[in-house]
Amino acid sequence: QVQLVESGGGSVQAGGSLRLSCIGSGGTLRDYAMAWFRQAPGKEREGVALISRGTTSTLYAESVKGRFTISRDNAKNTVYLQMNTLKPEDTALYYCAAGSVFWRLKAADFGYWGQGTQVTVSL
């Protein structure tokens, strides 16, 4: 059973950057498509970025395209989310997820989730 632990969240000013990490244990993350989701208070969980299992193709939500980059380091069993030019509307709890066989950012497709890391962006 894959276990995921996120880190790297924090508080930054608008325009700043953060890099989130998601390290896996109990399984090999290269066997899974990996994604980042986020959830702000009072809002539904939103897909942010997806990276494929093998070819490292990527998919992004329109709201983060050009600002966020998802990547993976299979040797470290880790997935990253580099977030640049952060905006206050990026404030949310960010989750790492593993497992989808579909090429889409839909939470129900993913079987494994971390506990989340908080990102807060202020003006």
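Residues numbered from 1 in each chain as written. Predicted model: local features only at pLDDT ≥ 70, side-chain atom pairs only at ≥ 80, totals over all residues. Heavy atoms only, no water.

A. Up close: the nonpolar core. Counting 28 residues, the largest nonpolar core has Met-34, Trp-36, Leu-81, Met-83 and Tyr-94 as its most contacted members. Elements that contribute at least two residues to this core include exactly strand E3 (18–25), strand E4 (34–39), strand E5 (46–51), strand E7 (68–73), strand E8 (78–83), strand E9 (92–98) and strand E11 (117–122). In terms of residues, this core owes the most to one element, E9, which gives four residues. For Met-83, the contacting residues outside a window of four places in its chain are Gly-16, Ser-17, Leu-18, Leu-20, Arg-67, Phe-68, Tyr-94 and Val-119. Within the second largest apolar cluster, six residues are counted, among which are Ala-33, Phe-37, Leu-50 and Phe-110. (Core = buried A, V, L, I, M, F, W, Y, C linked by side-chain atoms within 4.5 Å. Buried < 20%, exposed > 50% of the residue type's maximum accessible area, 1.4 Å probe, protein only. Helix = DSSP H or I, 4+ residues; strand = E, 2+ residues; numbered from the N terminus. Contact = heavy atoms within 4.5 Å.)

B. Molecular detail of the packing of aromatic side chains. Tallied over the entire structure, the rule returns five aromatic pairs. Measuring from ring centre to ring centre gives 5.7 Å for Tyr-32 and Tyr-112, while their planes differ by 75°; the resulting arrangement is edge-to-face. Of this pair, Tyr-32 sits in the loop between E3 and E4 while Tyr-112 sits in strand E10 (residues 112–113), placing them 80 residues apart in sequence. Here Tyr-112 falls in the partly exposed class, since its relative accessible area comes to 24%. Where Tyr-95 meets Trp-113, the ring centres are 6.3 Å apart and the plane angle is 80°; that geometry is what we call edge-to-face. With Tyr-95 in strand E9 and Trp-113 in strand E10, this residue pair connects regions lying 18 residues apart in the sequence. Taking the relative accessible area as the measure of exposure, Trp-113 reaches 25% and is therefore partly exposed. A cation sits over an aromatic face here: Arg-45 above Trp-113, 4.8 Å from the ring centre. The ring of Phe-102 has Arg-104 lying over it, and the distance from NZ or CZ to the ring centre is 4.6 Å. (Phe/Tyr/Trp six-rings, centres within 6.5 Å; stacked < 30°, edge-to-face > 60°. Lys NZ or Arg CZ within 6 Å of the ring centre and 35° of its normal.)

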